[in-house]
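What the coordinates show
Here is how the chains run, residue by residue.
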Amino acid sequence: MSNGRIRSLLLGDAQADRVVPPSGFTAHLTLFASAAMAFLAVFALALSLAAGRLADRWSDELARSATLRISAPADQKAAQTNAALAVLEQTPGIASARALSDEEQAALLAPWFGADLPLDSLPVPQLIEVIEDDEGYDAEGLRLRLAAEVPGAVLDDHTRWRRPLVEAANSLRRLGVFSILLIGGATAAMITLAANAALAANAQVILVLRLVGARDSYIAQAFVRRFTIRALLGAAAGVAFGMAGVLLLPEASDAGGFLTGLGFQGAGWFAPLLIPILGALVAFAATWFAARRRLEEIS
Amino acid sequence: MIELENVGYSYGGGELLSEVSVRLMPGSFHFLTGPSGAGKTTLMKLCYGALLPTHGTVKVFDADMRRLDRDQTALMRRRIGVVHQDCKFLDHLPVADNIALPLTVSGRDKRAESENLAELMRWVGLAGRADALPPELSGGERQRAALARAVIMSPDVVLADEPTGNVDWEMSQRLLHLLVELNKMGKTVLIASHDLALIRAAKSQVQARVLRISNRRLQLAGSDL
């Protein structure tokens, strides 16, 4: 399309708009379908963004730390802990390493064994918290060295349980994106159906317009403009309701876990505002192709 | 201006027109007559590209209709004013907007042409009916509105298919008079009609050729009219 046509399409033409009679059910169908789909798209977007944040957070937090577990007889535990700390101090890529105190270890076990846990009477391994620097360390190299110098040490870099968590969060994010694409496709299909119904109902109008010398692009524009504006208005209403719904969701909290973090955060609140624009673009494309195809059929 | 050469048209396995050749010269006035179902409307539709011939060639303004795409056909139709028997209006628009429809679709500013539109409505006797909707018009008013819409773009050719089919004798004379006036302005006029009394009346006002469709073929009518 030329710039002139795009401009006339966007700005509208009061005279041209009137050549197609105000239609009944197709107008309501387009408005309702756009509103409903935009409402769903807001939640799919919220899910996708929240899952993305979760994946990033888990990945970031767990990737930068590791745990060294010293399982040794009680009389050797202190010596092996010191040896392990010495090895960690010399290992490039490790920012800091410190042995957890008895109180910290008791606090970790408290949820399962209660607060007054007598650590001295249990064969609890000594835990060393390892924080890596930006460069990161060579986990396999460290394991080999520890095996040689500290036989009771086991390095857990969290990969084993970090990977499925991050994969799950990423899958949720992909699911959200896929849902948005499906919603876009369903919107396009519904608007195409509504546009085809409107074109069929206005066959006589099209006949008269052709008789007086209207080009296909003029006829198509009259329908496209209507459906685009309806989709834009419907989607705007759907987004407004959807964002109100997201606002009413509980605030994110540690106690609530993932379920309470489903809202938008920061600039994320602006993302749903793109939905009406995308809805209008989908309606524009769907109606344009439907109109062109229909006009070719009845030529 | 409009030239049909050895044109045939078939539909549904039957041949409606065969070996039709005619040339409408600029400023000429023609009647097309024949019994109902003879193919008058089909021939008119061939002249403005609503139908394409099965055989032969239709040339309008020296362009072969087969070679025109839909946009070119639309532009060609702006140079041809068509009056249908059933008028074909947009019933949701007032009469004035229907008459101005060719201006609207061609992108011309209707407000800039408002003077011409008012004059045209006076010419066809519809000055007081500008805001009426088409279903509110009588048969004669509809035909006059259709004629006004056909000529608002100042076309080179006016094709009228049974323009007096639904009106009384007095109104048919008035419509005929308007078409004769258009011809005197230099427009080429082709009127399809089975009303021989109308044709006889016209021949006293204008030099008209009468073409008759008989047995799918077109022939020049003789003195029997």
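Residues numbered from 1 in each chain as written. Chains lettered and ligands numbered in written order. Predicted model: local features only at pLDDT ≥ 70, side-chain atom pairs only at ≥ 80, totals over all residues. Heavy atoms only, no water.

Looking at the overall build of chain A
A tally of helices and strands in chain A yields 10 helices and 4 strands. Relative to the globule expectation of 19 Å for 299 residues, the C-alpha radius of gyration of chain A, 31 Å, shows a markedly less compact shape. Along the first, second and third principal axes, the C-alpha set of chain A runs to 100 × 40 × 25 Å. Each of the 299 residues in chain A was classed as buried or not, and the buried ones make up 39%. For chain A, the proportion of contacts with a sequence separation of at least 24, taken over those separated by at least 6, is 85%. Averaging the locations of the 24 positively and 28 negatively charged side chains of chain A gives two centres separated by 21 Å. (Helix = DSSP H or I, 4+ residues; strand = E, 2+ residues; numbered from the N terminus. Rg over C-alpha atoms; globule rule 2.2 N^0.38 Å. Buried < 20%, exposed > 50% of the residue type's maximum accessible area, 1.4 Å probe, protein only. Contact = heavy atoms within 4.5 Å. Lys, Arg positive; Asp, Glu negative; His and termini not counted. Charge placed at Lys NZ, Arg CZ, Asp CG, Glu CD.)

With respect to helix H6 (residues 139–151) of chain B
Taking 1.5 Å of rise per residue, 13 residues should cover 18 Å, and H6 of chain B covers 19 Å from first to last C-alpha, within 8% of that figure. Those residues of H6 of chain B not exposed but buried are Gly140, Glu141, Gln143, Arg144, Ala145, Ala146, Leu147, Ala148, Arg149, Ala150 and Val151 of chain B. (Expected span 1.5 Å × (residues − 1).)

So, the pattern of salt bridges
Enumeration according to the criterion identifies 17 salt bridges over all chains in this entry. Put simply, Glu149 of chain A and Arg145 of chain A hold a salt bridge, and the shortest N to O gap is 3.0 Å. Taken together, the positions of Glu149 of chain A and Arg145 of chain A, both in helix H6 (residues 139–149) and 4 residues apart, correspond to about one turn of that helix. Overall, the relative accessible area of 43% leaves Glu149 of chain A in the partly exposed class. Here Glu141 of chain B and Arg129 of chain B are joined by a salt bridge, their closest N and O atoms 3.2 Å apart. With Glu141 of chain B in helix H6 and Arg129 of chain B in the loop between helix H5 (114–123) and H6, the pair connects residues that are 12 residues apart, well separated along the chain. (Salt bridge = Lys/Arg side-chain N within 4 Å of Asp/Glu carboxyl O.)

Digging into the sheet that holds strand E1 (residues 65–70) of chain A
Residue and element names in this part refer to chain A. Across the sheet, which stays open at both edges, the 4 strands sit in the order E2-E3-E1-E4 with antiparallel pairing between neighbours. For this open sheet the edge positions go to strand E2 (94–99) and strand E4 (153–156), each flanked by a neighbour on one side alone. If you compare each strand with its neighbour and ignore which way they point, the axes differ by 20 degrees on average. Two elements, E1 and strand E3 (residues 126–132), share 6 bridges in a ladder whose sense is antiparallel. Across the sheet, the residue bridging to Arg69 is Leu127, located in E3. On top of the sheet, helix H4 (residues 74–90) reaches E1, E2, E3 and E4; it is set at about 5 degrees to E3, its chief contact. (Pairing = 2+ DSSP bridges. Axes fitted to C-alpha atoms, helices over the stretch in contact; angles between N-to-C directions.)

A closer look at the sheet that holds strand E10 (residues 217–220) of chain B
All names here are of chain B. Taken in spatial order, the 6 strands make up an open sheet running E6-E7-E8-E3-E9-E10, and their pairing is mixed. One side of each edge strand has no neighbouring strand; the edge strands of this open sheet are strand E6 (80–83) and E10. Averaged over all pairs of adjacent strands, the angle between their axes in this sheet comes to 20 degrees, without regard to strand direction. Bridge analysis of strand E9 (residues 209–214) against E10 gives 4 bridges, and the strand direction is antiparallel. Paired with Ile213 across the strands is Leu218, a residue of E10. Helix-sheet contacts for H6 involve E6 and strand E7 (157–161), and the interaxial angle to E6 is about 170 degrees.

Structural notes on the packing of aromatic side chains
Residues and elements named next belong to chain A. Inspection of the entire model under this criterion finds 4 aromatic pairs over all chains. Residues Phe284 and Trp288 carry aromatic rings whose centres are separated by 6.4 Å and whose planes lie at 5 degrees to one another, so their mutual orientation is stacked. In this pair, Phe284 and Trp288 are both assigned in helix H10 (residues 274–297), 4 residues apart and thus about one turn of the helix distant. Residue classification places Phe284 among the partly exposed positions, given a relative accessible area of 23%. Between Arg230 and the ring centre of Phe227, over which it is positioned, the NZ or CZ distance is 5.0 Å. (Phe/Tyr/Trp six-rings, centres within 6.5 Å; stacked < 30°, edge-to-face > 60°. Lys NZ or Arg CZ within 6 Å of the ring centre and 35° of its normal.)

A short note on the interface of chain A and chain B
Facing the 24 residues of chain A at the interface are 25 residues of chain B. A combined buried area of about 2000 Å² lies between chain A and chain B, and 59% of that area is made up of carbon and sulfur atoms. Inspection of the chain A/chain B interface yields 2 salt bridges. In this structure, Asp216 of chain A and Arg70 of chain B form a salt bridge, with 2.5 Å as the shortest nitrogen-oxygen distance. Remark: the boundary between chain A and chain B carries 6 residue pairs in polar contact (both at pLDDT 80 or more). It is helix H8 (residues 203–211) of chain A that provides the largest number of residues to the side of chain A that touches chain B, a total of 7 residues. A breakdown of the residues in the side of chain A that touches chain B according to their chemical character gives 14 nonpolar, 4 polar and 6 charged. (Buried area = accessible area lost by both parts, 1.4 Å probe. Polar contact = N/O pair within 3.5 Å; in protein donor to acceptor, adjacent residues only side chain to side chain. Nonpolar A, V, L, I, M, F, W, Y, C, P; charged D, E, K, R; others polar.)

A look at helix H1 (residues 40–47) of chain B
Of all the 8 residues making up H1 of chain B, 6 are buried; the element is thus mostly covered by neighbouring parts of the structure. Positive backbone phi, approximately 80 degrees, marks Gly49 of chain B, located one or two places after H1 of chain B.

Things to note about the environment of Ala44 of chain A
All names here are of chain A. Considering the arrangement of structural elements, one finds Ala44 in helix H3 (residues 25–63). On the basis of relative accessible area, Ala44 is assigned to the buried category, the value being 9%. Along the chain, Ala44 and Arg173 lie 129 residues apart, while their C-alpha atoms are 9.2 Å from each other. Those residues in contact with Ala44 that lie beyond four places of it in its chain are Gly176, Ser179, Ile180 and Ile183.

Overview of the domain arrangement of chain B
Residues and elements named next belong to chain B. Considered domain by domain, chain B is made up of domain 1 (2–79 + 155–220) and domain 2 (88–145). Centre-to-centre separation of domain 1 and domain 2, based on C-alpha positions: 24 Å. At the interface, 11 residues of domain 1 touch 9 residues of domain 2. Across the interface of domain 1 and domain 2, roughly 840 Å² is buried in total on both sides, 64% from carbon and sulfur atoms. Among the residues domain 1 hides against domain 2, the three largest losses belong to Arg78, Arg174 and Leu178. Together they make up 45% of the total. For the pair domain 1 and domain 2, the interface holds 0 salt bridges. Class assignment for the residues of the side of domain 1 that touches domain 2 results in 6 nonpolar, 1 polar and 4 charged. (Domains from an automatic or database assignment.)

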